[in-house]
Amino acid sequence: MATGFSFTLHATDGRARTGVIATPRGEIRTPAFMPVGTAGTVKAMLPESVRATGADILLGNTYHLMLRPGAERVARLGGLHRFMNWERPILTDSGGFQVMSLSGLRKLTEEGVTFSSHIDGSKHHLTPERSMEIQKLLGSDIVMAFDECPALPAADEAVAASMRLSMRWARRSRESFGDRPGHALFGIVQGGVSRDLREESAAALTAIGFDGYAVGGLAVGEGQAAMFGVLDYAPDLLPEDRPRYLMGVGKPDDIVGAVKRGIDMMDCVLPSRSGRTGQAWTRRGQVNLRNARHADDPRPLDEECQCPACRGYSRAYLHHVVRAGEMIAGMLLTWHNLHYFQEIMAGMREAIAAGQFEDWERGFHVLRAEGDI
Ligand SMILES: O=c1[nH]cnc2cc3nc(NCc4cccs4)[nH]c3cc12
Ligand SMILES: [Zn+2]
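None of these values were measured; they are calculated from a predicted model. Along each chain, the written sequence defines residue order, and numbers are assigned to residues from 1. Think of it this way: whatever chain is written first is A, whatever ligand is written first is 1, and the rest follow in order. Since the coordinates come from a predicted model, pLDDT governs what is reported: local features require at least 70, and pairs of side-chain atoms require 80 or more to be given and counted, while whole-chain, interface and lining totals use all residues. Neither water nor hydrogens contribute to the side-chain values; these are computed over all heavy atoms in the structure.

We now examine the nonpolar core. Residues Leu231, Leu246 and Met266 are the most contacted members of the largest nonpolar core, which totals 71 residues. Counting residues per element, this core draws most heavily on helix H7 (residues 156-177), at eight residues. By size, the runner-up hydrophobic cluster in this structure holds 19 residues, among which are Phe7, Ile142, Phe186 and Ala214. Working definition of a nonpolar core: buried Ala, Val, Leu, Ile, Met, Phe, Trp, Tyr and Cys residues. They are joined through side-chain atoms within 4.5 Å. Remark: exposure states derive from per-residue accessible area (1.4 Å probe, protein chains only) relative to the maximum for the residue type, with buried under 20%, exposed over 50%, and partly exposed in between. Here a helix means four or more residues in a row that DSSP labels H or I, a strand means two or more in a row labelled E, and each is numbered from the N terminus.

And the structure:
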C-alpha cells in the first residue's frame, strides 16, 4: 500500500477477515461500515455524533461537492476535513456512478463524461484526471478510481465494453494520481454478474496496482442472490493483503453476507436515508415508527440499545415526532440506525477474532426471525 497507509489482517474465520487500516488521520477497524456524508454532511448528524456511533471513516461524493460548493472552494477553505469538521479518514467516490444515476443530458466518450448539473442545469465535464484533481483538492484520504458503472439490465457485450472503458480509466486514474504519501487510491472491479468479465477486470486492476480494491457494479437492483453469487468468487480474485470494498451495500443481512464472503469495507445511505423516513433497523428487524401501533407504547425502540434514541425516548414519542414531521425524528432515528449498523460491524469483528463468526451469524439471523418487534 501507499506509504503512510497499511492494512494489517488480525484474524480470519472462513472467508471473513478482521483487521486495521492505519492512515495518517486515524485507524479504520475492519470490517468497517462507512456512513455516507454525500455533500459534506451525514444528514441529520453532527460529526461528533457520527463518531459516537463508532464510525472510523465516512464517505463523501466528488459529484455533489464539485457541483456545490465546488472543489476549488473547499480547497481554499482548508479541505473537506476542516470544512465539515471531521478530522478522521474520508473516502470519496469518484463521480462517474453519480453522474449516470443523478445528472441530466449526459454524454459518455473515451475521454470522460459531460453532463448537466441536477442542481442548476450547468454543464460539467469529468475525466479520470479531473476526478483525481477534485479528490486531491478535497483532501480525501482514500480516492476512488474514475469508473463507469453500466445500468442493469445490460447485454453482455455492453457490460464488457463498459468494463474495458473503466479499466482504461483506471490506468489513467493511477497515472494522474501519482505518488501521494498518506493517500490511497482504490481500483473498482466491474463486469456485471459475468464471472469471465470480473476475472478480466480484477486481473487488469491488479496488474496496474492499487492500494485497495472495490467490488463495483453491484447494489444496482440485481437483488441479494445475484449479488452474493458474485461475492461467492469476486473477493478471492483480489490481493488478500489489500482492503476489499463493496460499494453501496446495504441492508443488515447484505452486510453480514458480504463480510462472510471476504469484504472488508462497505458504505450505504440506508441507515441515514431510512432514519429520515421513520424507519428503524433493530436486532429484531425493521420497525416503522409511523405505524399507529406505537402511539401509546412506552417502551424504547430497542431495550438493549445504548443509543440516545433508545435510552431517552419511548416508541410513543418517536411515533409522535415522526408523524409531526419534527426534525428530532430524523436526528434520533438516524443516530439509532448508524449506531445499530456499527454494532453489527463491532460484533462481527469480535466474532471473527474469536473464530466464532458462524455462531454470531446464526444468532444474528435467529433474533431477526423471531420478530416481536
Ligand atoms: O460501481 C460503482 N462505482 C462507483 N460507485 C458506485 C456506487 C454505488 N452505489 C451502489 N448502490 C447504492 C446506490 C446508491 C444510489 C443508487 S444505488 N452501487 C454502486 C456501484 C458503484
Ligand atoms: Zn438505539
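Another aspect to go through is the packing of aromatic side chains. Geometry of aromatic contacts follows a simple scheme: Phe, Tyr and Trp rings, the Trp one being its six-membered ring, pair when their centres are within 6.5 Å, and the pair is stacked under 30 degrees between planes, edge-to-face over 60, tilted otherwise. Enumeration according to the criterion identifies eight aromatic pairs in this entry. For the ring pair Phe33 and Phe341, a centre distance of 5.2 Å and an interplane angle of 65 degrees mean the geometry is edge-to-face. Of this pair, Phe33 sits in strand S4 (residues 32-35) while Phe341 is found in helix H14 (residues 327-353), placing the two residues 308 residues apart along the sequence. Note on Tyr313 and Tyr317: the rings are 5.1 Å apart at their centroids and 25 degrees apart in plane angle, and the pair reads as stacked. Grouped by ring-pair contacts, the aromatic residues Phe33, Tyr340 and Phe341 constitute a single cluster. We count a charge as sitting over a ring when the NZ of a lysine or the CZ of an arginine lies within 6 Å of the ring centre and within 35 degrees of the ring normal. In this arrangement the basic side chain of Arg261 is found over the ring face of Phe228, its NZ or CZ atom lying 4.0 Å from the centre.

For the rest of this paragraph, the subject is the side chain of Ser116. Here Ser116 shows up in strand S8 (residues 113-116). Contacts: residue pairs with any heavy atoms within 4.5 Å of one another. Apart from the residues lying within four places of it in its own chain, the contact partners of Ser116 are Ser103, Gly104, Leu105, Gly121, Ser122 and Lys123.

Time to look at the coordination of the zinc ion (ligand 2). Counted as donors are the N, O and S atoms within 2.8 Å of the metal, or 3.2 Å for Na, K and Ca, while water is not among the atoms, so some sites may look incomplete. The coordination sphere of the zinc ion (ligand 2) contains the protein donors Cys305 (SG), Cys307 (SG), Cys310 (SG) and His336 (ND1), at a distance range of 2.1 to 2.3 Å. In this structure, the zinc ion (ligand 2) is coordinated by four donor atoms arranged in tetrahedral fashion, with angles at the metal of 103 to 112 degrees. Within one chain, the residues donating to the zinc ion (ligand 2) are spaced in sequence as C-x1-C-x2-C-x25-H. The two residues Cys305 and Cys310 agree in class, both being buried. Tetrahedral means four donors with every angle between 85 and 135 degrees, whereas square planar (four donors) and octahedral (six donors) require angles over 155 degrees between opposite donors and between 65 and 115 for all others; sites fitting neither are termed irregular.

Further remarks concern the layout of surface pockets. Its boundaries defined by the atoms lining it, the largest pocket holds a volume of some 930 Å³. Forming the boundary of the largest pocket are 36 residues, of which Asn61, Phe97, Gln98, Val269 and Arg273 lie nearest the centre. Of all the secondary structure elements, the ones that give two or more residues to the lining of the largest pocket are strand S5 (58-61), helix H5 (96-102), strand S14 (265-268) and helix H11 (270-275). Counting residues per element, the lining of the largest pocket draws most heavily on H5, which supplies four residues. Three classes are used: nonpolar for Ala, Val, Leu, Ile, Met, Phe, Trp, Tyr, Cys and Pro, charged for Asp, Glu, Lys and Arg, and polar for all others, with Gly counted as polar. Broken down by class, the residue content of the lining of the largest pocket amounts to 17 nonpolar, twelve polar and seven charged. Cavities and pockets were defined on a 1 Å grid built over protein atoms only: a cavity is a set of grid points that admits a 1.4 Å probe from which the probe cannot escape, a pocket is an open set flanked by protein on both sides within 12 Å along at least five of seven lines, and lining residues are those with an atom within 4 Å of any such point. Grid points are joined across faces, edges and corners, and a volume is the space filled by probe spheres set on the points. Of the volumes computed, that of the second largest pocket is approximately 160 Å³. Contributing to the lining of the second largest pocket are Arg283, Glu304, Tyr340, Glu343, Ile344, Trp360, Gly363, Phe364 and Leu367. Elements supplying a minimum of two residues to the lining of the second largest pocket: H14 and helix H15 (357-370). Taken together, the residues of the lining of the second largest pocket break down into five nonpolar, one polar and three charged.

Honestly, that's just the spatial picture; any functional story needs more than this.
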